[in-house]
Amino acid sequence: MTNTLIIGTGKRSQRFIDLVKSNARERKIIGLVDDDRSKIGENVKGYKILGGLNDVPDILHKNVVDEVVFIVPRSWLGKVEGIIHSCETEGLKVSIAVDVFSPRISRLSQGDVGGFPMLTYESAPSPKFPLHVKRLIDIVVSGTALLCLLPVFAAVAVAVKATSKGPLFFRQQRCGRNGRRFLLYKFRTMVHDAESRLVELKKHNEMKGPAFKMENDPRVTPLGRFLRKSSLDELPQLWNILRGEMSLVGPRPPIPAEVNEYDSWHRRRLSMRPGLTCIWQVSGRNRITDFDEWMRLDLQYIDRWSLWLDLKIILKTIPVVLFGVGAK
């Protein structure tokens, strides 16, 4: 049984007391300490406040104490440093739960880098094994698909070159995880000078926000409409997935110009590797014209991510692609 003195009496200290009570065989709380001396003698969750911060040395010497747990706010850091050193000098175990920062989104983890202690706040998925499995699935599926779909690639390539002037592939710089830039590949679905004509079409943008979406875009070729409707134009991105620039499932990779117009909360969608499909794609794609709603769907994916969620999105993507739901 470990005799524990708790420094701090706030809500977090009370939560710790509840945890100790639920497993009373490990710890016995001998009392608490508060910075406010007027509280001495009061009870918190059935345990007495034994003194103020300056009384800690006497409390330690008059009681059998194995461990001192500091559960203190940031404002106390300068006040308790000397007490921590005193406990260390006397050979007592010290545990510290400092209210350094209260994240609204991030998950807190602790560790060290070469013995240097670190508190880490992460707002993107971080479990290594599931993420390694996700990457392994990306490699196996994209590699297999590239081999099996070679006849489809060949047929589309012949059709694109035979029906319009210009290169076979549309290559565009996109932003990947945390802003890493890479070249995204698609089969070309527009006329060869489509990029230079974008400015004159901006006024017809149907998406509220920095992204550009337009029904009946005059730059799209007749074959391009079919390729987009069937999502065949996206197949070259299997190469991006195999290279590790994208994943099968994840937020769609934006162009740098769009990212430059993002609000700060939009940028969190870049915290995960971009993908070929995501919640937005299976929720209506171009039927969703509110940019903020699109961003919220991407953040919902990041916050709830699991391998099971990826599988569900892939299964929902199949009928969306087959029936061209929301494609333009």
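Here, every reference points to the structure presented above.
Residues numbered from 1 in each chain as written. Predicted model: local features only at pLDDT ≥ 70, side-chain atom pairs only at ≥ 80, totals over all residues. Heavy atoms only, no water.

Before we move on, can you summarise the overall build of the protein chain with the specific residues and values?
Regarding its fold elements, the protein chain presents 12 helices and 12 strands. For the protein chain, the C-alpha radius of gyration of 29 Å lies well beyond 20 Å, the compact-globule estimate for 328 residues. Reported as C-alpha extents along the three principal axes, the dimensions of the protein chain are approximately 90 × 40 × 35 Å. Relative to its full complement of 328 residues, the protein chain shows a buried share of 41%. Taking the contacts inside the protein chain whose residues are at least 6 apart along the sequence as the reference set, 65% of them involve residues at least 24 apart. Surface accessibility of the protein chain: about 18,500 Å² in total, with carbon and sulfur atoms responsible for 56%. Here the protein chain carries 51 positive and 35 negative side-chain charges, and the mean point of each set is 8 Å from the other. (Helix = DSSP H or I, 4+ residues; strand = E, 2+ residues; numbered from the N terminus. Rg over C-alpha atoms; globule rule 2.2 N^0.38 Å. Buried < 20%, exposed > 50% of the residue type's maximum accessible area, 1.4 Å probe, protein only. Contact = heavy atoms within 4.5 Å. Areas by Shrake-Rupley, 256 points an atom, 1.4 Å probe, with all protein chains shown as cover. Lys, Arg positive; Asp, Glu negative; His and termini not counted. Charge placed at Lys NZ, Arg CZ, Asp CG, Glu CD.)

Tell me about the side chain of Glu-258, and name the residues and values.
Here Glu-258 is to be found in helix α9 (residues 256-259). Lacking a salt bridge, the buried Glu-258 has Arg-269 as its closest oppositely charged neighbour, with an N-O distance of 6.0 Å. The residues touching Glu-258, leaving out its near neighbours within four places in the chain, are Pro-210, Ala-211 and Phe-212. (Salt bridge = Lys/Arg side-chain N within 4 Å of Asp/Glu carboxyl O.)

Break down unusual backbone geometry for me, citing the residues and quoting the values.
Notably, Asn-178 is not glycine yet its phi reads approximately 55 degrees, a positive angle. By the element assignment, Asn-178 lies in the loop between β9 (169-175) and β10 (181-187). Not every positive phi belongs to a glycine, and Ser-231 is a case in point at roughly 65 degrees. In this fold, Ser-231 is placed in the loop between α7 (222-230) and α8 (237-243).

How would you summarise the sheet that holds strand β6 (residues 93-96) if you had to cite specific residues and measurements?
Taken in spatial order, the 6 strands of this open sheet run β3-β4-β2-β1-β5-β6, and their pairing is mixed. Across the chains shown, the open sheet's two edge strands, defined by having one partner strand only, are β3 (43-44) and β6. Pairing between strand β1 (residues 2-7) and strand β5 (residues 67-70): 4 bridges, direction parallel. Counted as the bridge partner of Ile-7 is Phe-70 from β5. Packing of helix α1 (residues 11-22) onto the sheet brings it into contact with β1, β2 (27-33), β3, β4 (47-51) and β5, and relative to β2 it is tilted by some 160 degrees. Against the sheet, helix α3 (residues 77-89) makes contact with β5 and β6, and its axis sits at roughly 160 degrees relative to β5, the strand it touches most. (Pairing = 2+ DSSP bridges. Axes fitted to C-alpha atoms, helices over the stretch in contact; angles between N-to-C directions.)

Describe the packing of helix α4 (residues 128-148) against helix α5 (residues 150-163), listing the residues and the values that go with them.
When two helices pack together, their arrangement is given by the angle between the helix axes and by the axis-to-axis distance. One can describe the packing of α4 onto α5 by two numbers: an axis separation of 4 Å at closest approach and a directional angle of 60 degrees. Here α4 lies oblique to α5, going by the angle between them. Of the residues in α5, those in contact with Leu-146, Leu-147 and Cys-148 of α4 are Leu-150, Pro-151 and Phe-153. Residues belonging to the contact of α4 with α5 are distributed by class as follows: 6 nonpolar, no polar and no charged. (Parallel < 35°, antiparallel > 145°, perpendicular 65-115°, else oblique. Nonpolar A, V, L, I, M, F, W, Y, C, P; charged D, E, K, R; others polar.)

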